[in-house]
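Here is how the chains run, residue by residue.
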Amino acid sequence: MTQNTQEENKAIYLDPFRYNQFEGFNSHNHVVVTEVGEGTSVVEVEMTQDGMNPLNMAHGGLIFTLCDVATGVAVRTGGRITVSLDSSIHFLRAAKDTPKLIAHGRVVKEGRTTGLAVAEVFNAEGVLLATDPDADRVGIAMKCPDGSYELVSGNEMGVLLLDYICAGRIEKGTMPANPVAVKSIVSTPLADAVAKHYGVEMRNVLTGFKWIGDQIANLEAAGEVDRFIFGFEESYGYLAGPYVRDKDAVIGSMLICEMAAYYRSIGSSIKQRLEEIYAQYGRYLNKVDSFEFPGLTGMEKMASIMQKLRDEPLTEIGGHKVVKVMDYKKPEETGLPAANVLIYTLENGATVVVRPSGTEPKIKTYFTTLGKTLKEAQAQKDALAAAIEPILK
């Protein structure tokens, strides 16, 4: 039997129709790949009596198969032959009374020999059912009016939860005096605007959830721990309340499901509320790009680039004047512990954050743009990314 080349395999996995013909096991179990993108997948299974357990719920083995196919297809869109090394699944509610289940798979991280992918499973109404990360981060996809699903970024979910918690606490009369929320310096400034609207102090800390936990500890030491209402990072980490001091997908998942149920009860949805937030505060767009520096000299190259940015400060990016530079290696200016981070604020209100990864040979750039529409914000981001790319190579 002739073995496919890497490019042939990639073509199969990127074409749902070809993949469905290729996988006999899936068709036998009524599992169908409906959408495939670079590092993403959407997989559906029609619910029949064969897929039910004696309690008339979707059999756990069927849901596991759905997750396995979704993550496997997402990973293999890179064209490499892969097998699962380890899998875990967390059930949030029973899958019943639904004509089909839908899984959204996405690649979180890829290495040379291993990778990490997650899958979220929804019923036909778009309710989150299951996920398989290690219970510290949680990501969702929301159902849109046309029936499609749209992934919610970590920044967007952080803003949605902050808005939901603030509005709910004010309505119930449980908002503490001088409330405090905390986010990382690379997370969206839209959260600052939302916090200001509700009279909440937003504290910005270094990247890493330990710094959010540090703020909770400081409040606790001052006898004011109840002031903390919410913390998040753009990398899908959320925490409400002072019960733990790290990102927690158990608390996050509960809040997301509660929020989704609430909006549905009033005839709204997560998607509709997000659009209302954008209409109120402006269309913020937050994107992250990475530049890899492999090999023995990679770390030296990264250090050289960061030093050059300090020795020869940028005065404009993409034709927009730099009006402010925050160098987090200067704690006397930032009020935070020293960190190898530069933040450029431009005359049009956009920001560009440049920092080396703490775990990989990469320099990351975080872009925040604000436009009247998504298209306008995306065009601004693309122009800034094109301008910064030659500097970081």
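Report on the accompanying structure. If you're wondering where the values come from, they're calculated on a predicted model, not measured in any experiment.

1. Here's the deal with the pairing of strand 11 (residues 228–233)
Across the six residues that make up strand 11, a large majority, six, are buried. Bridge count between strand 9 (residues 180–184) and strand 11: four bridges; the pairing is parallel. Counterpart to Ala181 in the pairing with strand 11 is Phe230. One ladder, built from three bridges, connects strand 11 with strand 12 (residues 237–239); its direction is antiparallel. Along strand 12, the bridge assignment pairs Gly231 with Leu239. Count of turn residues in the strand 11/strand 12 antiparallel hairpin: three residues, of which Tyr236 carries a positive phi of about 65°.

2. Quick notes on the packing of aromatic side chains
Within this structure, the stated rule accounts for four aromatic pairs. With centroids separated by 5.9 Å and ring planes inclined at 50°, the aromatic side chains of Tyr164 and Tyr262 adopt a geometry described as tilted. Note that Tyr164 is positioned in helix 5 (residues 154–172) and Tyr262 in helix 8 (residues 249–265), a separation of 98 residues in sequence. Given the relative accessible area of 34%, Tyr262 is considered partly exposed. With a centroid separation of 5.4 Å and 55° between ring planes, the pair formed by Tyr262 and Tyr263 is classed as tilted. Take Tyr263: its relative accessible area is 6%, and that puts it in the buried class. One aromatic cluster in this structure is built from Tyr164, Tyr262 and Tyr263. Cation over ring: Arg283 sits above Tyr278, and NZ or CZ is 3.9 Å from the ring centre.

3. Structural notes on the nonpolar core
Of all hydrophobic cores here, the largest spans 48 residues; its most connected members are Met157, Leu162 and Phe230. No other element matches the eight residues that helix 5 contributes to this core. Setting aside its immediate chain neighbours within four residues, Met157 contacts Ile140, Val152, Tyr238, Ile256 and Met259.

4. Notes on the side chain of Arg106
Along the chain, the position of Arg106 falls in strand 4 (residues 100–110). Looking at Arg106, the relative accessible area reads 15%, which means it is buried. Ignoring any residue separated from it by four or fewer positions in sequence, one finds Arg106 in contact with Gly39, Thr40, Ala74, Ala117, Val118, Glu120, Gly139, Leu151 and Tyr236.

Reading the values: the criteria
Residues numbered from 1 in each chain as written. Predicted model: local features only at pLDDT ≥ 70, side-chain atom pairs only at ≥ 80, totals over all residues. Heavy atoms only, no water. Buried < 20%, exposed > 50% of the residue type's maximum accessible area, 1.4 Å probe, protein only. Helix = DSSP H or I, 4+ residues; strand = E, 2+ residues; numbered from the N terminus. Pairing = 2+ DSSP bridges. Phe/Tyr/Trp six-rings, centres within 6.5 Å; stacked < 30°, edge-to-face > 60°. Lys NZ or Arg CZ within 6 Å of the ring centre and 35° of its normal. Core = buried A, V, L, I, M, F, W, Y, C linked by side-chain atoms within 4.5 Å. Contact = heavy atoms within 4.5 Å.

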